[in-house]
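Single-letter residue listing:
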Amino acid sequence: MFTGKHVRSPLVRTLIASIVNDGDGGALQQEWYRCCPDQLREPLRPLFFQSDMDDATKAFLQRSADKSGWLFTQLYHSFVSTVLSPVVSRTSINGFLSRGSMFVYSTNQFRQLLRISPDWRADRLLDLGAGDGGVTQVMAPHFREVYATEVSPPMKWHLHRKNYKLLGIDEWHASGVKFDVISCLNLLDRCDDPLQLLRDIRRSLVPKTGRLIVAAVVPFQPWMEIGGRWERPKEYVKIKGKTWEEQVNNLTNEVFHKVGFEVEAVTRLPYLCEGDLYKEYYVLDDAVFVLKALDDGDENAQ
């Protein structure tokens, strides 16, 4: 099959790649949600629920495809990224360029996760590592107060523009404020001490009713981006398993239970990111969990 591999012109090669990639999307997208519940541990099987591509996901993919076709904008983004990437994190570059928005779940998928109705309201949401706030916006209408954390200065600017209350990454768990829902989306594999992060989250939830939403990229491969470099975290958590289901089993037993959480719901979703000059979008496999604190887990969570 001709893919443009040997074409000299980068522009022509990109256009050919776009044409080739347009034809293989449907079958791949069905795989984004596929799970074999029989391969999950028995206690997890009734907690898994099947997700599907909905209209909001399709709309995000269409917007990503449209932006990928903005040739001169994408050329400018590519140039700036090449210049800044040795010294500036990819997150900050994306924030500066207002590109690379993420999509984890839609409004309806969020409600399915928490089993809530459209008119459900709670007091406080905390979105850890909120990025540009795109996913925060999905959850925000259900809460009276919305808090967020972020380390990237350009991303903080985006969060300020959306009127979210920013908390320092070292202060949110020491303030004494309790949150009804804390979201930790694709952060455990990008932080220095993921188990301590989970312990801090557990102590910051409203007792009994508080819930944690965790999205974890599978396979789980921890790395931290510092400036333009990638480094291993101080606490390296190794998750066993070759399949999505095996890694979900291992995350549940070796991570969540050990810090005092139990799984209330789990589903498989694609972790989507806006594309660039070369691809309309980027996608990783996510395992998305709803966790609640174990009543007898205080000792384990220390």
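Everything below is about the structure printed above this text.
Residues numbered from 1 in each chain as written. Predicted model: local features only at pLDDT ≥ 70, side-chain atom pairs only at ≥ 80, totals over all residues. Heavy atoms only, no water.

(A) Up close: the overall build of the protein chain. Scanning the protein chain from N- to C-terminus turns up ten helices and ten strands. Going through the 302 residues of the protein chain one by one, you find that 49% of them count as buried. By element, 53% of the accessible surface of the protein chain is carried by carbon and sulfur atoms, the whole surface being about 15700 Å². (Helix = DSSP H or I, 4+ residues; strand = E, 2+ residues; numbered from the N terminus. Buried < 20%, exposed > 50% of the residue type's maximum accessible area, 1.4 Å probe, protein only. Areas by Shrake-Rupley, 256 points an atom, 1.4 Å probe, with all protein chains shown as cover.)

(B) Structural context of the nonpolar core. Ile201, Leu212 and Phe256 are the most contacted members of the largest nonpolar core, which totals 39 residues. Counting only elements with at least two residues in this core, the list comes to strand 2 (122-128), strand 5 (181-185), helix 9 (194-204), strand 6 (211-217), helix 10 (244-256), strand 9 (261-274) and strand 10 (281-293). The biggest single contributor to this core is helix 10, with five residues. Residue contacts for phenylalanine 256: discarding those within four places in its chain leaves Leu188, Leu198, Val214, Leu251, Phe261, Val263, Phe289 and Leu291. Phe49, Ala148, Ala215 and Val290 belong to the second-largest nonpolar core, a separate cluster that totals 36 residues. (Core = buried A, V, L, I, M, F, W, Y, C linked by side-chain atoms within 4.5 Å. Contact = heavy atoms within 4.5 Å.)

(C) Molecular detail of the packing of aromatic side chains. Summed over the entire model, instances satisfying the criterion amount to seven aromatic pairs. When the centroid spacing of 5.8 Å and the interplanar angle of 25 degrees are considered together, the rings of tyrosine 105 and phenylalanine 110 count as stacked. We classify tyrosine 105 as buried; its relative accessible area is 1%. Summarising the aromatic geometry, the rings of tyrosine 147 and phenylalanine 179 are spaced 5.5 Å apart at their centres and angled 80 degrees between planes, so their arrangement reads as edge-to-face. (Phe/Tyr/Trp six-rings, centres within 6.5 Å; stacked < 30°, edge-to-face > 60°.)

(D) Up close: helix 10. The buried fraction of helix 10 is high, at ten of 13 residues. Considering only its buried residues, helix 10 is in contact with helix 9, strand 6, strand 9 and strand 10.

(E) Just the pattern of salt bridges, in detail. Tallied over the full model, the rule gives twelve salt bridges. The salt bridge partner of arginine 190 is aspartate 189, with a shortest N-O separation of 3.6 Å. According to the relative accessible area criterion, aspartate 189 is buried, its value standing at 5%. With its nearest N and O atoms 3.1 Å apart, the salt bridge here joins glutamate 254 to lysine 258. (Salt bridge = Lys/Arg side-chain N within 4 Å of Asp/Glu carboxyl O.)

(F) Region of the structure containing unusual backbone geometry. The residue after valine 218, namely proline 219, is reached through a cis peptide bond having omega 5 degrees. Along the chain, proline 219 turns up in the loop between strand 6 and strand 7 (224-226). Backbone geometry at lysine 208 places phi at a positive 75 degrees, although glycine is not the residue there. Relative to the helices and strands, lysine 208 is located in the loop between helix 9 and strand 6.

(G) How the structure looks around the side chain of threonine 149. Relative to the helices and strands, threonine 149 resides in the loop between strand 3 (143-148) and helix 8 (153-161). A polar atom in the side chain of threonine 149 sits 3.0 Å from the backbone nitrogen of glycine 129. Leaving out residues up to four positions away in the same chain, threonine 149 has contacts with Leu126, Asp127, Leu128, Gly129, Ala130, Leu166, Leu167, Gly168, Ile169 and Trp172. (Polar contact = N/O pair within 3.5 Å; in protein donor to acceptor, adjacent residues only side chain to side chain.)

(H) Geometry of the pairing of strand 3. Bridge count for strand 2 against strand 3 is five bridges, and the pairing is parallel. In the sheet register, leucine 126 faces strand 3, and the bridge partner there is tyrosine 147. As for the winding sense of the linkage, the β-α-β connection from strand 2 through helix 7 (residues 134-139) to strand 3 is right-handed. Both strand 3 and strand 4 (residues 165-166) contribute to a ladder of two bridges, which runs parallel. Residue pairing in the sheet places alanine 148 in a bridge with leucine 166 of strand 4. Taking the sense of rotation as the criterion, the β-α-β connection linking strand 3, helix 8 and strand 4 turns out right-handed. (Pairing = 2+ DSSP bridges. Right-handed = clockwise from strand over helix to strand, strands pointing away.)

(I) Representation of the pairing of strand 5 in the model. Most of strand 5 sits out of view: five of its five residues are buried. The side-chain alternation of strand 5 yields two buried faces, one formed by Val181, Ser183 and Leu185 and the other by Ile182 and Cys184. Looking at chain direction, strand 2 and strand 5 are connected through four bridges and run parallel. Each bridged residue has a counterpart across the sheet, and for leucine 126 the counterpart in strand 5 is isoleucine 182. The β-α-β motif built from strand 5, the intervening helix 9 and the parallel element strand 6 has right-handed crossover chirality.

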